[in-house]
Amino acid sequence: MSVRFEPIVGRYMHLDLFGRKHRIYVEEAGAGTPLMCLHTAGADGRQYRALMNDERITRDHRVIAFDMPWHGKSSPPSGWHNEEYQLTSAHYTTIILEIMAALGLEQPILIGCSIGGRIALHLALEHPERFRAIIGLQAGAHVDPYYDLNFLHRPDVHGGEVAAAIVSGLVGPDAPDEARWETLWHYMQGGPGVFKGDLYFYKLDGDIRDRVAQIDTRRCPLFLLSGEYDYSCTPEETLAVAKSVPGCEATIMTGLGHFPMSENPTEFVKYLLPVLEKIGRM
Amino acid sequence: MIETLKARVNDDAALVKRGRYLSTTFLVEVGETAWLISIFEGRITSIARGPFVMPSSTFALRAPEEEWAKFWLSRPPPGSNDLMALIKRRVLKAEGDLQVFMANLRYFKEALGKLRAAGA
């Protein structure tokens, strides 16, 4: 019997965040310019597996994805069982910068999707010097709540089932079945209340509408890629950010949804490669 | 067209199994036309067309006819491809005891999606 191993290597990093011990799961593949990847709310770094298996990307880039605390293989910190998880802009920023420092990454390219795309806008505004370039996927300045978030965390609704059912329509219509359901499986595996806690940042705390126009793309180039079928962060919302930020380049990806790197990597990479080439020439 | 929902749902063994803990009656309004749909353990037992004098239902889904028509296209356009997309655009109103709807969200999305032109 022959088996095949992927080039991805995963490790656990021990570091202190907010004065507490954390055990953070980090995966990476490739060598070259660091490409730091941020997953969506309620999911984990597995969303970037296809990128880590694509030689067109890994031959020039060290692709890195970590599971945020409470997500994937990064367990919550000790004491979590009596706490309510709630992500804020300040916490999210600290987590990203601390993990970058711990990995010794200098000026990585940052790519983030959904909540990762939103924090990418925050980082472009507040820490542009820390990044070679920033790529926001499904990045908008704000999303109004459009359902009662309490349904995501209550004992009479299965948290995993409802999280996946809520986001299922955000996957584009052309996604291959295997990738579609793998993407939804990640949502089904989220811990109780974690998706809801992430959405506190996405829908309440992380609103950056009044400051997004202050992003200076001369200090850090900003690229936005958004799927046509995303109704959470709509193409219009991404284009509104691009319109208000001089020098920002935005592309709407035909047929794709809210999870481009995970739901349909073959199509997504067609949009990503030209952006990476452009950054490489900068 | 909604009358065909009974057979389309009940013929899908996986969908019926997914709804095995679901027994309820819900209301669907397609523009001015109301439908009461009853489910017992995942199988649709009856579909009645209004108008009703005193309809009792756990919850109701109400949208204009043209919005349902787009939702039921074989390839709906962006913004019309999912019940949550209609809710986000504020054209579908979900009202009543929504715990039943949310606890069985995948079931209801897939059941109502059965009315798409391709039948799936």
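Residues numbered from 1 in each chain as written. Chains lettered and ligands numbered in written order. Predicted model: local features only at pLDDT ≥ 70, side-chain atom pairs only at ≥ 80, totals over all residues. Heavy atoms only, no water.

Trainee: Give a description of the overall build of chain B that names residues and reports values.
Mentor: Along its length, chain B carries 6 helices and 5 strands. For 120 residues, the compact-globule formula gives about 14 Å, and the C-alpha radius of gyration of chain B, at 13 Å, lands near that figure. Principal-axis analysis of the C-alpha atoms gives chain B an extent of 35 × 30 × 25 Å. Considering chain B as a whole, with its 120 residues, one finds that 49% of them fall into the buried category. Within chain B, counting contacts between residues at least 6 apart in sequence, those at least 24 apart form 62% of the total. Accessible area of chain B: about 5,800 Å², with a carbon and sulfur share of 53%. For chain B, the distance from the average position of its 18 positive side-chain charges to the average position of its 13 negative side-chain charges is 6 Å. (Helix = DSSP H or I, 4+ residues; strand = E, 2+ residues; numbered from the N terminus. Rg over C-alpha atoms; globule rule 2.2 N^0.38 Å. Buried < 20%, exposed > 50% of the residue type's maximum accessible area, 1.4 Å probe, protein only. Contact = heavy atoms within 4.5 Å. Areas by Shrake-Rupley, 256 points an atom, 1.4 Å probe, with all protein chains shown as cover. Lys, Arg positive; Asp, Glu negative; His and termini not counted. Charge placed at Lys NZ, Arg CZ, Asp CG, Glu CD.)

Trainee: Could you give me a rundown of the overall build of chain A, with the residues and numbers involved?
Mentor: Across its full length, chain A carries 10 helices and 8 strands. For chain A, whose C-alpha radius of gyration is 17 Å, the value lies close to the compact-globule estimate of 19 Å for 282 residues. Summarising its shape, the C-alpha atoms of chain A cover approximately 50 × 50 × 40 Å along the three principal directions. With 282 residues in all, chain A has 59% of them scored as buried. With 26 positive and 36 negative side-chain charges, chain A shows a separation of 4 Å between the mean positions of the two kinds.

Trainee: How would you sum up the interface of chain A and chain B? Please name residues and give values.
Mentor: With 24 residues of chain A at the contact, the number on the chain B side is 19 residues. Taking both sides of the interface into account, the surface hidden between chain A and chain B amounts to around 1,800 Å²; carbon and sulfur atoms contribute 61%. Together, Y146, Y229 and Y231 of chain A form the three largest contributors to the area buried by chain A at its contact with chain B, with a combined 34%. Across the pair R75 of chain B and D174 of chain A runs a salt bridge, and its minimum N-O distance is 2.7 Å. The interface formed by chain A and chain B holds 10 residue pairs in polar contact (both at pLDDT 80 or more) in total. Class assignment for the residues of the side of chain A that touches chain B results in 13 nonpolar, 5 polar and 6 charged. (Buried area = accessible area lost by both parts, 1.4 Å probe. Salt bridge = Lys/Arg side-chain N within 4 Å of Asp/Glu carboxyl O. Polar contact = N/O pair within 3.5 Å; in protein donor to acceptor, adjacent residues only side chain to side chain. Nonpolar A, V, L, I, M, F, W, Y, C, P; charged D, E, K, R; others polar.)

Trainee: Tell me what's going on with the pairing of strand 3 (residues 43–49) of chain B, and back it up with residues and numbers.
Mentor: Residue and element names in this part refer to chain B. When strand 2 (residues 33–40) meets strand 3, the two strands line up antiparallel, connected through 6 bridges. What sits directly across from F40, in strand 3, is R43. Hairpin geometry of strand 2 and strand 3 is characterised by an intervening segment of 2 residues between the two adjacent antiparallel strands and by a positive phi of about 50° at E41. (Pairing = 2+ DSSP bridges.)

Trainee: Give me the lowdown on the confidence of the model for chain B, citing residues and values where you can.
Mentor: This prediction gives chain B a mean pLDDT of 96; 98% of its residues lie at or above 70. Both scores are given for the predicted complex: the pTM is 0.97, the ipTM 0.95. (pLDDT = per-residue confidence, 0-100.)

Trainee: Requested: an account of the sheet that holds strand 3 of chain B, with residues and values cited.
Mentor: All names here are of chain B. Pairing is mixed across the open sheet formed by 5 strands, whose spatial order is 3-2-1-4-5. The strands lining the two open edges of the sheet, one partner per strand, are strand 3 and strand 5 (93–96). Strand after strand, the sheet turns through a mean of 20° between neighbouring axes, direction not considered. (Axes fitted to C-alpha atoms, helices over the stretch in contact; angles between N-to-C directions.)

Trainee: Before we move on, could you go through the nonpolar core and cite the residues and values that matter?
Mentor: Among the nonpolar cores identified, the biggest contains 106 residues, and F66 of chain A together with W68 and F101 of chain B are the most heavily contacted of them. For this core, the element with the most residues is helix 4 (residues 115–126) of chain A, which contributes 7 residues. Within the second largest apolar cluster, 28 residues are counted, among which are L35, L225, M261 and L273 of chain A. (Core = buried A, V, L, I, M, F, W, Y, C linked by side-chain atoms within 4.5 Å.)

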